[in-house]
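# Architecture at a glance
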Amino acid sequence: MISFNFDHTKPFLETEKVESATKRAELALKHVQNKTRKGPEWLGWRSILEQPNDALLEEIHNVAVSVRSQADVFIVCGIGGSYLGARAVIDALSPEFSQNVPEIIYAGHQISGKYLKNLVNYLEAPKADGSAKQVYLNVISKSGTTTETALAFRVLSSWMHEKYEDAKERIFCTTSAQGGALNKLIDKNGYKKFVLPDDVGGRFSVLTPVGLLPIAVAGIDIRTLYYGAVAQFNEYEENPKELLKYVATRLALYESGKAMDMIASFEPELSGIGGWMQQLYGESEGKNGKGLFPVLLGYSTDLHSVGQMVQDGQRNLFETFLVIDKTNQNLSVEKQEDDADGLNYLAGKTFHDINQKAFEGTREAHVEGGVPIISIHFDKLNEENLGRFIYMCELAISVYVYCLDENPFDQPGVEAYKKAMFRLLGKPGTV
Ligand code: PA5
């Protein structure tokens, strides 16, 4: 389950403001449900949960099982909504330093020749037993034309065609049903294709083949993830009270002058989830001079970096803490005879207990420093709860952006840099 704690926003918000924001959120939710506001053609992230496609889940699972039985490396080539969701779930559920096979590597999310060159060198290098690495590639681009992804795919697919006779069996493409350069390459080379439905935007696509194929290849149970989201969908259709309170609190904070939503966690495995949320929120709400700037913070690390700013800088921010209540991790502090480091007072406590106190202490200090805090709790971190969380965020941001009277599903601002870059590069038709 996931739950919220709004207690630490109360000193900063008048009850009437939250109540009136709740009424607006209720109305906005109806518009999402009835498809009566901006961007109704982009609400497919809801219909895929209303009518789950079990055959598709099965197909993705089977492809993933086959890839897992052969691959040493699986490359996920995409940018923005085309890779952040997969990365978030994989990072959340895979142990650090585990040397999982296949190793998941990301590409196509920047334009670094050095990165790509070093990646190809790494793929070329034999394994410890002297044999060649078996590499599989998943390129993901809804438009099929995104420069960063397309450039990386050109380099990596060329390498694969040189290296493997069966390259076309090792390359999987996820894109729109029609259009875009990627569909031309699929037709030309016969790659296996997964379709991202037209009515699902990139940042809302983690529960489509965009996210599900890489997540399944990482060995994560996509059915439980997916059905966690379905359960959350059904629960909110029945009773959206908590969701509306979350949206209303965020809205009331924004309208009281807050400019930044600091998404923070004391659990490093949630940093990918925070990054996914940052993109989902930022690209959905930053329009026409409106919106909260979502900032990702990893604690305790950032308490020793921008912590001073959060505690004592300009009071234009609030925090959204992502919290894991229970963990299987049970490393405890051991007692030492001489207590030279003075840590025996912690002997017997688990690191989770100590981290929890670090969270509570930080919350206390930040509230005293004038920072309102919303906490979102996972009772434990697993597939089901991540599915629930994903849907909660998708619905919350859509309702919130409707309250701002904007379209949550487009991203016109992202075109500005592309236009200038294409002109500077001399792309045909742009100069
Ligand atoms: O959320 C979005 O729509 C964007 O972040 C896209 O996912 C991102 O720009 C990549 O686009 P594409 O999948 O077309 O390559």
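Quick look at the structure, then.

## A closer look at the nonpolar core
- Leu207, Tyr246, Trp276, Met277, Phe389 and Met392 are the most contacted members of the largest nonpolar core, which totals 95 residues.
- No other element matches the 14 residues that helix α15 (residues 383–403) contributes to this core.
- Residue contributions to this core reach at least three from each of two domains, namely domain 1 (2–36 + 225–403) and domain 2 (46–220).
- With residues up to four places along the chain from it excluded, the contact list for Tyr246 reads Phe4, Phe6, Met277, Tyr281, Ile374, Ile376, Met392 and Ala396.

## Quick word on helix α6 (residues 147–163)
- Given a rise of 1.5 Å per residue, 17 residues ought to cover 24 Å, and the 24 Å separating the end C-alpha atoms of α6 matches this to within 8%.
- Within the sequence span of α6, burial applies to Thr147, Glu148, Thr149, Ala152, Phe153, Leu156, Ser157, Trp159 and Met160.

## Things to note about the pairing of strand β9 (residues 317–326)
- Of all ten residues in β9, eight are buried, a share of seventy percent or more.
- Sheet topology note: the strand β7 (residues 260–265)/β9 ladder contains six bridges and is parallel. Looking at β9, one finds that Met260 is bridged to Leu317.
- Bridge count for β9 against strand β10 (residues 373–380) is seven bridges, and the pairing is parallel. When the bridges of β10 are listed, Val323 appears paired with His377.
- A crossover links β9 with its parallel partner β10, the connecting element being helix α14 (residues 351–368), and its sense is right-handed.

## Considerations on the state of the cysteines
- Considering all chains together, one arrives at zero disulfides under this definition.
- Cys393 provides the cysteine sulfur closest to Cys403, a residue in no disulfide bond, and the two sulfurs are 16 Å apart.

## A few points about the packing of aromatic side chains
- According to the stated counting rule, one finds 21 aromatic pairs in the structure shown.
- An angle of 20 degrees between the planes, with centres 6.1 Å apart, marks the rings of Phe266 and Phe321 as stacked. Separated by 55 residues along the polypeptide, Phe266 in the loop between β7 and α12 (271–285) and Phe321 in strand β9 bring together distant segments of the chain. In terms of burial, Phe266 and Phe321 fall into one category: buried.
- The ring of Tyr122 carries Lys133 above its face, with NZ or CZ at 3.9 Å from the centroid.
- Between Lys192 and the ring centre of Phe194, over which it is positioned, the NZ or CZ distance is 5.0 Å.

Scoring rules and cut-offs
- Residues numbered from 1 in each chain as written.
- Predicted model: local features only at pLDDT ≥ 70, side-chain atom pairs only at ≥ 80, totals over all residues.
- Heavy atoms only, no water.
- Core = buried A, V, L, I, M, F, W, Y, C linked by side-chain atoms within 4.5 Å.
- Buried < 20%, exposed > 50% of the residue type's maximum accessible area, 1.4 Å probe, protein only.
- Helix = DSSP H or I, 4+ residues; strand = E, 2+ residues; numbered from the N terminus.
- Domains from an automatic or database assignment.
- Contact = heavy atoms within 4.5 Å.
- Expected span 1.5 Å × (residues − 1).
- Pairing = 2+ DSSP bridges.
- Right-handed = clockwise from strand over helix to strand, strands pointing away.
- Disulfide = S-S within 2.5 Å.
- Phe/Tyr/Trp six-rings, centres within 6.5 Å; stacked < 30°, edge-to-face > 60°.
- Lys NZ or Arg CZ within 6 Å of the ring centre and 35° of its normal.

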